[in-house]
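So the chains spell out like this:
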Amino acid sequence: MLDIQKIRADFPILAQKVNGKPLVYFDNGATSQKPQVVLDAITKYYKEINANIHRGVHTLSQLATDAYEEARRKIQNHIHAQFAHEVIFTSGTTHSINAVANGFASILKAGDEVLVSALEHHSNIVPWQMLCERTGATLKVIPMNEQGELILSEYDSLLSEKTKMVAVNHISNALGTINPIEYMIEKAHQVGAAILIDGAQATPHLKPDVIALDCDFYVFSGHKICGPTGVGILYGKEEWLQKLPPYQGGGEMIATVSFEKTTYADLPHKFEAGTPNIEAGIVLGTAIDYLNGIGFQNIATYEQRLLEYATAKLLEIEGLKIYGTAKEKTSVISFNLEGIHPYDVGTIIDKLGIAVRTGHHCAQPIMDFYKIPGTIRASFAFYNTTDEIDIFVEALKKAQKMLL
Ligand SMILES: *Cc1c(COP(=O)(O)O)cnc(C)c1O
């Protein structure tokens, strides 16, 4: 089992007081905290090897390039991609999805269909809407049920030879639902559609295997997995990345440039125009090493315990309703207190040092489905504890007394 106190000591921010109270950080779905090894790696990069990559012949540039490419290989191994050049550094999940959606503009035509699910983050809705507007393709939505699970029979009947792309998250950020992506990938491929998996909420909790999954694209953000902001990953199967046009033009992504014609660089550089966030890319490798050191199996087991503990405790509060009760769920609980606006609860418990997210969680269609303005979302990480959950539950009771 995990030594939680030892793990907590790795995260300097957790020892902090907020509004005079020990910080209880339950907003891990929005971003994760960073362990000391990650903070040290950021400083070390700037102190020792800061230089632009893939350009200079000088020593520092070589060291920075080597470290950057080593991080790429680490991520390749972590997600089990076949080739390192299938791992594209982006600025985050949003950038990754936009890069793919933009590429599909050269493939889609009027009458084609793109499927997204009712559980998506706005990042996995809006780029596809923009793509459909550009190409005349139609966006269709895989519906969800009251528990917050996708209705697979509806998915099956939406799929047809018109379907060119299915974009679905691995785990819902608003409800914590783990989607049956293995099934969805297989079904998409049966009709010849490509499938993109938004792994932004999955990668903090599990180690995806893109070969076993056989997905065409898998995307995620560094900042949600203990890494820095400003870096993310676009994994794409080689054949797709070859086929899609680049997203941005500029330095680094070209083979030759003249005013008549530019030829593009090989993968992965074709999708990496301009100077990237070098430090963040390198340090994402450090963050992944850190998480693997703890072990994703350990993380999953521990977080599942937190989820069960918190769910039981929260349901003892009168008038508390949990949204998203899927059988397969990660450590996210979205809920409301009857008759109270989530924002008011969030404000009061912040005074007690507790950080949760309130609102629509960039997933307005889910809130519309439940006919609510938003929820309070507590999202737990492996460095959270049952003691913190107790503090949280007491704070909610206090807020409820004040607001009702
Ligand atoms: C956070 C999140 C995103 C967006 O990630 P960014 O890091 O903001 O680009 C997309 N999808 C899901 C499921 C998320 O949780």
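All values derive from a computational prediction rather than experimental measurement.

Novice: I tried to follow empty space enclosed by the protein on my own but got confused; where do I start?
Specialist: If a probe as big as a water molecule is rolled over the atoms, it shows which places are left empty. Under the counting rule described, the total for this entry stands at one cavity of 30 Å³ or more. Taken as a whole, the largest cavity encloses approximately 120 Å³ of empty space. Class assignment of the residues belonging to the lining of the largest cavity gives a composition of nine nonpolar, seven polar and two charged. The residues that make up the lining of the largest cavity include at least three from each of domain 1 (4-30 + 295-403) and domain 2 (39-292).

Novice: Where do I start with the site of the ligand in this structure?
Specialist: Taken together, Thr-93, Thr-94, His-121, Ser-123, Asn-173, Asp-198, Ala-200, Gln-201, Ser-221, His-223 and Lys-224 are the residues near the ligand. In the model, an oxygen atom of the ligand is placed 3.5 Å from a nitrogen or oxygen of the Thr-93 main chain. The fraction of the free accessible surface of the ligand (380 Å²) that becomes covered by protein chains is 86%. Its residues assigned to classes, the shell around the ligand comprises one nonpolar, eight polar and two charged.

Novice: Even after reading the chapter, I still don't get the packing of aromatic side chains, so can you show me in this structure?
Specialist: Here the distance between the centres and the angle between the planes together describe a pair of aromatic rings. Within the structure shown, the criterion is met by 16 aromatic pairs. Here the aromatic residues Phe-11, Tyr-290, Phe-382 and Tyr-383 are joined through ring pairs into a cluster of three or more.

Novice: What should I look at first to understand the pairing of strand β11 (residues 254-257) in this one?
Specialist: Two faces, one strand: in a regular strand the side chains alternate between the faces of the sheet. Here β11 runs beside strand β12 (residues 262-264); their pairing, made up of three bridges, is antiparallel. Note on β12: the bridge partner recorded for Ile-254 is Tyr-264. In this antiparallel pair of consecutive strands, β11 and β12, the connection spans four residues.

Novice: I'm lost on the sheet that holds strand β5 (residues 113-117) in this one. Help?
Specialist: With mixed pairing, seven strands are arranged side by side in an open sheet as β4-β10-β9-β8-β7-β5-β6. Looking at the sheet topology across the chains shown, the edges are occupied by β4 (87-90) and β6 (138-142). Going across the sheet, the axis of each strand differs from the next one's by a mean of 20°, ignoring polarity.

Novice: Honestly, the layout of surface pockets in this entry has me stumped. Any pointers?
Specialist: In this structure, the largest pocket occupies an estimated 230 Å³ of space. At the level of secondary structure, the elements contributing two or more residues to the lining of the largest pocket comprise β4 and α4 (93-104). Residue composition of the lining of the largest pocket, grouped by class: 10 nonpolar, eight polar and one charged.

Novice: When you look at helix α14 (residues 386-403) in this model, what are you seeing that I'm missing?
Specialist: Think of an α-helix as turning once every 3.6 residues; residues three or four places apart then point the same way. Over its 18 residues, α14 extends 26 Å from the first C-alpha to the last, a length consistent with the 26 Å expected when each residue adds 1.5 Å. All of the buried residues in α14 are Glu-388, Ile-389, Phe-392, Val-393, Ala-395, Leu-396, Ala-399 and Gln-400. Viewed along the axis of α14, the buried residues span an arc of 165°, placing them on a single side of the element. The exposed residues of α14 that point more than 90 degrees off its buried face are Asp-387, Lys-401 and Met-402.

Novice: How should I be thinking about the nonpolar core in this particular structure?
Specialist: What tends to happen in soluble globular proteins is that the nonpolar side chains get buried as a cluster. Ranked by internal contacts, the top residues of the largest apolar core, which has 102 residues, are Phe-382 and Phe-392. In terms of residues, this core owes the most to one element, helix α10 (residues 278-294), which gives 10 residues. In this structure, this core is formed jointly by two domains, domain 1 (4-30 + 295-403) and domain 2 (39-292), each of which donates at least three residues. Sequence-distant contacts of Phe-382, that is, excluding residues within four places in its chain, are made with Ile-4, Ile-7, Phe-11, Cys-226, Tyr-290, Leu-291, Ile-294, Ile-299, Tyr-302 and Glu-303. The next biggest cluster of nonpolar side chains, apart from the first, holds 25 residues, and it includes Trp-128, Cys-132, Ala-137 and Phe-217.

Novice: Just to check I follow, could you spell out the domain arrangement of the chain for this structure?
Specialist: Many descriptions give the size of an interface as the accessible area lost when the pieces come together. You can read the domains of the chain as domain 1 (4-30 + 295-403) and domain 2 (39-292). Each of domain 1 and domain 2 has a C-alpha centre, and the two are 28 Å apart. Residue-level contacts link 35 residues of domain 1 with 34 residues of domain 2. Taken together, both faces of the contact between domain 1 and domain 2 bury some 2,700 Å²; the carbon and sulfur share is 59%. At the boundary of domain 1 with domain 2, the tally comes to zero salt bridges. The set of elements that each furnish at least two residues to the side of domain 1 that touches domain 2 consists of α11 (296-315), β14 (332-337) and α13 (364-370). The biggest single contributor to the side of domain 1 that touches domain 2 is α13, with six residues.

Novice: Looking at this model, I keep getting lost on helix α12 (residues 342-351). Mind explaining?
Specialist: Within the span of α12, buried status applies to Pro-342, Val-345, Gly-346, Ile-348 and Ile-349. For α12, the elements touching its buried residues are β14, β15 (354-355), β16 (357-359), β17 (375-379) and α14. Phi for Gly-353, located one or two positions after α12, is positive at around 85°.

About the criteria used
- Residues numbered from 1 in each chain as written.
- Predicted model: local features only at pLDDT ≥ 70, side-chain atom pairs only at ≥ 80, totals over all residues.
- Heavy atoms only, no water.
- 1 Å grid on protein atoms, 1.4 Å probe; cavity = no way out; pocket = protein on both sides within 12 Å on 5 of 7 lines; lining within 4 Å.
- Points joined across faces, edges and corners; volume = space filled by probe spheres on them.
- Nonpolar A, V, L, I, M, F, W, Y, C, P; charged D, E, K, R; others polar.
- Domains from an automatic or database assignment.
- Near = heavy atom within 4 Å.
- Polar contact = N/O pair within 3.5 Å; in protein donor to acceptor, adjacent residues only side chain to side chain.
- Areas by Shrake-Rupley, 256 points an atom, 1.4 Å probe, with all protein chains shown as cover.
- Phe/Tyr/Trp six-rings, centres within 6.5 Å; stacked < 30°, edge-to-face > 60°.
- Pairing = 2+ DSSP bridges.
- Helix = DSSP H or I, 4+ residues; strand = E, 2+ residues; numbered from the N terminus.
- Axes fitted to C-alpha atoms, helices over the stretch in contact; angles between N-to-C directions.
- Expected span 1.5 Å × (residues − 1).
- Buried < 20%, exposed > 50% of the residue type's maximum accessible area, 1.4 Å probe, protein only.
- Arc of directions from axis to C-beta.
- Core = buried A, V, L, I, M, F, W, Y, C linked by side-chain atoms within 4.5 Å.
- Contact = heavy atoms within 4.5 Å.
- Buried area = accessible area lost by both parts, 1.4 Å probe.
- Salt bridge = Lys/Arg side-chain N within 4 Å of Asp/Glu carboxyl O.

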